[in-house]
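Structural overview for review
Spelled out from the first residue to the last, the chains are:
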Amino acid sequence: MYNLSVSKALSIINLLAEQEDCLSLTQISTALGLSLSTTHHLISSLKMERYVEQNQSNKKYGIGLRLFEISLSNNYYQLLAKIAGPVLENMSDETGESSNLAVLIDGQITYIAQRHSSQMMKTFVQLGKRSPVHCTGVGKVLISELSEEAIEQIVKKHGLIKYTANTITSLEGLKEELEKVKINQYAIDQEEREDGVVCIAAPVFSSTKKITAAISISGPTSRIKEKDLPRFIELLKKHTQYLSHIQ
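The structure presented is a predicted model; accordingly, all values stated were derived computationally and were not measured.

Attention shifts here to the overall build of the protein. Regarding its fold elements, the protein presents nine helices and eight strands. The C-alpha atoms of the protein give 19 Å as radius of gyration, which agrees with the globular expectation for 247 residues (18 Å, within 12%). Based on the C-alpha atoms only, the size of the protein along its principal axes is roughly 60 × 40 × 40 Å. When burial is assessed residue by residue, the protein has 45% of its 247 residues classed as buried. Taking as baseline every contact in the protein between residues at least 6 positions apart, the subset at least 24 positions apart corresponds to 56%. Separation of charge centres in the protein, based on 27 positive and 27 negative side chains, amounts to 5 Å.

Here it is as structure tokens:
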């Protein structure tokens, strides 16, 4: 009975980890073929241990920070997040916007650190949550140096889901965008993942000159205007060069 309960709990974690958005208790129950009472019992236990978190506004569930903490324990990503902390803080202070650090895992991006904007209206990312590469600034940066075959495999596995009118939804369009990213050494998500949100990202390089992470500045289009982009790009490149140098 204990092993069966563990198996069911792990199936909930696996299900939530694969989702773009949080799921309701009923959605989880239906997807896994579990009764509502069993699902609620397991979710409550997972929530208590922080493996699952509940959105208080819509009562839906997503992956909790405990899994993220475990995944970062004693490894390179944890060290990188610590090193990048002051850099992200400085960028947020200088721009007044949110700053983020992301890495590529299994063809998707995972945010491993963030510093929030001091403004009332700000952008948030869920640490440890996986997101698509084709419609995010950090995602386009992180896959920009990959081979065409590797990019095609990512698209085959994860697709090119349309989120807004600006989302890139064709493989050729994505490849053209990545060529620009390689030349410019930065990427822009101009309301491609979410309406009203812009993100500018640049690569962090390892000692072997490979892209190991990406940092970004994100905020609402009401504040980040076209005229602000050169300043933000210059700021990003300054900080990514610093992070690349000290790795």
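Structure shown, so let's carry the discussion forward.
Let's shift gears to the nonpolar core. Side chains that are nonpolar tend, in soluble globular proteins, to be buried together. Membership of the largest hydrophobic core comes to 25 residues, with the highest contact counts inside it found for Met91, Leu101, Ile200, Ile215 and Leu236. Those elements that place two or more of their residues in this core are helix 5 (76-95), strand 3 (98-105), strand 4 (108-115), strand 7 (197-205), strand 8 (211-220) and helix 9 (229-246). Core analysis: the second largest hydrophobic core is formed by 20 residues, Tyr111, Val133, Ile154 and Val181 among them.

Further remarks concern helix 3 (residues 36-48). Between its first and last C-alpha atoms helix 3 spans 18 Å; for 13 residues at 1.5 Å apiece the expected length is 18 Å, and the two agree. What helix 3 keeps buried is the set Thr39, Leu42, Ile43 and Leu46. Looking straight down helix 3, one finds its buried side chains confined to an arc of 100°; they lie on one side. Residues of helix 3 that are exposed and point more than 90 degrees away from the buried face comprise Ser37, His41 and Met48. Count one or two residues on from helix 3 and you reach Arg50, which has phi positive near 70°.

Trans is the common state for peptide bonds, and a negative phi is the common state for residues other than glycine. With a phi angle near 55°, Asp106 is a residue other than glycine that sits in the positive phi range. Position of Asp106 among the secondary structure elements: in the loop between strand 3 and strand 4. Despite not being glycine, Gln185 has its phi angle at roughly 65°, a positive value. Looking at where Gln185 falls in the secondary structure, it is placed in the loop between helix 8 (171-184) and strand 6 (187-190).

Counting all residues, the mean pLDDT for the protein is 87, and 91% of those residues have values of 70 or more. Here helix 4 (residues 65-72) stands out as the element of the protein with the lowest mean pLDDT, 67, in contrast to helix 6 (residues 137-143), whose mean of 97 is the highest.

Turning our attention to the environment of Ile188. For Ile188, the location among the structural elements is in strand 6. Along the sequence, Ile188 and Val155 sit 33 residues apart, while their C-alpha atoms lie 19 Å from each other. When sequence neighbours within four positions are dropped, the list of residues in contact with Ile188 reads Lys140, Glu177, Val198, Cys199, Ile200 and Leu229.

Criteria and thresholds
Residues numbered from 1 in each chain as written. Predicted model: local features only at pLDDT ≥ 70, side-chain atom pairs only at ≥ 80, totals over all residues. Heavy atoms only, no water. Helix = DSSP H or I, 4+ residues; strand = E, 2+ residues; numbered from the N terminus. Rg over C-alpha atoms; globule rule 2.2 N^0.38 Å. Buried < 20%, exposed > 50% of the residue type's maximum accessible area, 1.4 Å probe, protein only. Contact = heavy atoms within 4.5 Å. Lys, Arg positive; Asp, Glu negative; His and termini not counted. Charge placed at Lys NZ, Arg CZ, Asp CG, Glu CD. Core = buried A, V, L, I, M, F, W, Y, C linked by side-chain atoms within 4.5 Å. Expected span 1.5 Å × (residues − 1). Arc of directions from axis to C-beta. pLDDT = per-residue confidence, 0-100.

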